[in-house]
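In case you want the letters, here they are:
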Amino acid sequence: MAETKYIFVTGGVVSSLGKGIISSSIGKLLQARGYNITIQKFDPYINIDPGTLNPYEHGECYVTVDGMETDLDLGHYERFTDIQTTKANSLTTGRIYKAVIDKERRGDYLGKTIQVVPHITDEIKRNVKLLGKKNHYDFVITEIGGTVGDIESTPFLEAIRQLKWELGKDAICVHLTYVPYLKAAQELKTKPTQHSVKELQSIGIQPDILVLRTEKHLNDGILKKVAAFCNVDFDCVIQSEDLPSIYEVPVNMQNQGLDVAILKKIGEPIDAKPGLGPWKNFLERRAKATEEVRIGLVGKYDLQDAYKSIRESLSQAGTYNDHKTVLVFVNSEKITRENVAEKLEGLDGVVICPGFGQRGIEGKVIAAHYTRTHNIPTFGICLGMQMMVVEFARNVLGYDDANSREIDETTEHNVIDIMEEQKNITNMGGTMRLGAYECILKQGSRVFDMYKESIIQERHRHRYEFNNEFQQEYERAGMKCVGRNPESNLVEIVEIPGLKWYVGTQFHPEYQSTVLKPHPLFVDFVKTAIENKKK
Ligand code: GLN
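Since the model is a prediction, treat every value here as computed from it, not as a measurement. (Residues numbered from 1 in each chain as written. Predicted model: local features only at pLDDT ≥ 70, side-chain atom pairs only at ≥ 80, totals over all residues. Heavy atoms only, no water.)

### So, the sheet that holds strand β11 (residues 237-241)
With parallel pairing, seven strands are arranged side by side in an open sheet as β5-β2-β6-β1-β7-β10-β11. Each edge of the open sheet is held by one strand with a lone partner, namely β5 (90-92) and β11. Pairwise comparison of adjacent strand axes, ignoring direction, gives a mean angle of 20° for this sheet. The pairing of strand β1 (residues 5-11) with strand β7 (residues 171-179) spans six bridges and is parallel. In the sheet register, glycine 11 faces β7, and the bridge partner there is leucine 176. Together, β2 (37-43) and β5 form the strand contacts of helix α4 (residues 93-106), whose direction differs from that of β5 by roughly 75°. Its contacts with the sheet put helix α10 (residues 258-266) on β1, β6 (139-144), β7, β10 (209-214) and β11, and the angle it makes with β10 is roughly 160°. (Pairing = 2+ DSSP bridges. Helix = DSSP H or I, 4+ residues; strand = E, 2+ residues; numbered from the N terminus. Axes fitted to C-alpha atoms, helices over the stretch in contact; angles between N-to-C directions. Contact = heavy atoms within 4.5 Å.)

### Quick look at the packing of aromatic side chains
If you walk through the whole model with that rule in mind, you get 17 aromatic pairs. Here the aromatic rings of phenylalanine 80 and tryptophan 279 are separated by 5.4 Å at their centres, their planes lie at 40°, and the arrangement is tilted. Of this pair, phenylalanine 80 sits in helix α3 (residues 73-81) while tryptophan 279 is found in helix α11 (residues 277-288), placing the two residues 199 residues apart along the sequence. Across from the ring centre of tyrosine 181, 4.6 Å away, lies the NZ or CZ of lysine 216, which sits over that ring. Above the face of the phenylalanine 234 ring, lysine 224 is positioned so that its terminal group lies 5.4 Å from the ring centre. (Phe/Tyr/Trp six-rings, centres within 6.5 Å; stacked < 30°, edge-to-face > 60°. Lys NZ or Arg CZ within 6 Å of the ring centre and 35° of its normal.)

### Looking at the UniProt feature "binding site: UTP" (unreviewed entry) in the protein chain
Mapped onto the present numbering, the UniProt feature "binding site: UTP" (unreviewed entry) falls on Ser15, Lys189, Thr190, Lys191, Pro192, Thr193, Gln194 and Lys225. Spanning 211 residues, the named residues do not form one spatial group; their C-alpha atoms are separated by as much as 23.3 Å. One can find lysine 189 in the loop between β9 (187-188) and α7 (191-202). A relative accessible area of 29% means that lysine 189 is categorised as partly exposed. Excluding its chain neighbours within four sequence positions, the residues that come into contact with lysine 189 are Val179, Pro180 and Leu182. Relative to the helices and strands, proline 192 is located in helix α7. For proline 192, the contacting residues outside a window of four places in its chain are Val13, Tyr178 and Pro180. (UniProt positions renumbered as here; feature names shortened; annotations may be inferred. Buried < 20%, exposed > 50% of the residue type's maximum accessible area, 1.4 Å probe, protein only.)

If you want it as structure tokens, here you go:
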């Protein structure tokens, strides 16, 4: 394609409608037609990135290969499309303003008064176009966080209005709304959608395509009514009914011609409908996989979105093992020595989740002890790995006071220590060990067998690390350091070879598991959990 085309995905009526899933599905469908695509997210909050946000505020923080802490929607983009996102795929109001203010301080604006329009809107537009130009994408899909009518999304919508005007046919707007069903009246209501489109029109944006989220099927009469009231072609009104799995959404969108509607609007030729072969194979396999494997998530955030990528990775791994993964959240703050057996009862495998700070730490250590001594398949991720290491020090090496420096600054047995380059850092935002790093796997280790290669790359997000001073003691007692960073020599993976599956990774493998390329560690872990269940 000669020029990059731009698709803006906006939302109306309420939040949490799944703009991220719709954006990912659009990406998936265009990819299937041979286009080179990327997906970008604008978040209207003032934080520079979500790295400093509590998961209760914004769910999981997803990390890109180049070390940007981003919104969890980027995880959907990667899981659906296998693209690799970067810093340029995630922007916030904070980052936009910071860039503009930095330019102002440098004197780049030559004495002008800096204003929301044009300076902030220009910076937004620059970030949209730059992404397309730099990489010669056919399509840049830009999802705007929040809901039309929010005060903070106004500059983003103004930038879209201008871009649509400047780019003509090369830019379209897909607007996602909600059609509620009123039980008492037994009616589906389109008025909120009409209002939301009016709101968008009042800003000067005419949506080209509407996607209506609904819990009940919408008949043609309703779709026609929406089309007529909103100035949108009938074949450009698509419905997105609730489905058993988010992974079914692309197929549903394709069946209704969302990709055809986009290409028509943009003036691209429309070839035969692509097959989505491997994707459909995955869905078929998933539908058949009804036997359950129960995996416990030991963590402190009782919120689905907090461990989003871990949940998706385990769920994908279930499908590839022809099982349905049932995830059981186990609040680590509530785990005690007395109740741990009861809390973990009936679980075929346990994941000890990542996290920060003191809260719920001891519960993770107790869980790691229980699963190690009862030979239950266990996967420790980041803080989870660190707590496996602490537990081993306390109960096998005999250091009662062993801890991570993060939790106890004074312990002599700081088996998890602050990284050298982290010691003088005072700014919390964006300063951890972030992004992809190489790791060399030890020949003959279990993880080597799983990856089937010796050099891997995985993404990190932490300040603390395994303390190499204790390495020999660990190795002698049976916990092996089987993955190392080739430059810094940091320990990235520990495992206990004699157990069914007891592996801790300092990195976050969950950021790299996708629907079509499930992560080998998750696949093997779930496989072992299934075997464990059978016994
Ligand atoms: N809090 C730990 C650290 O900073 C682990 C971080 C994590 O689990 N992502 O090292």
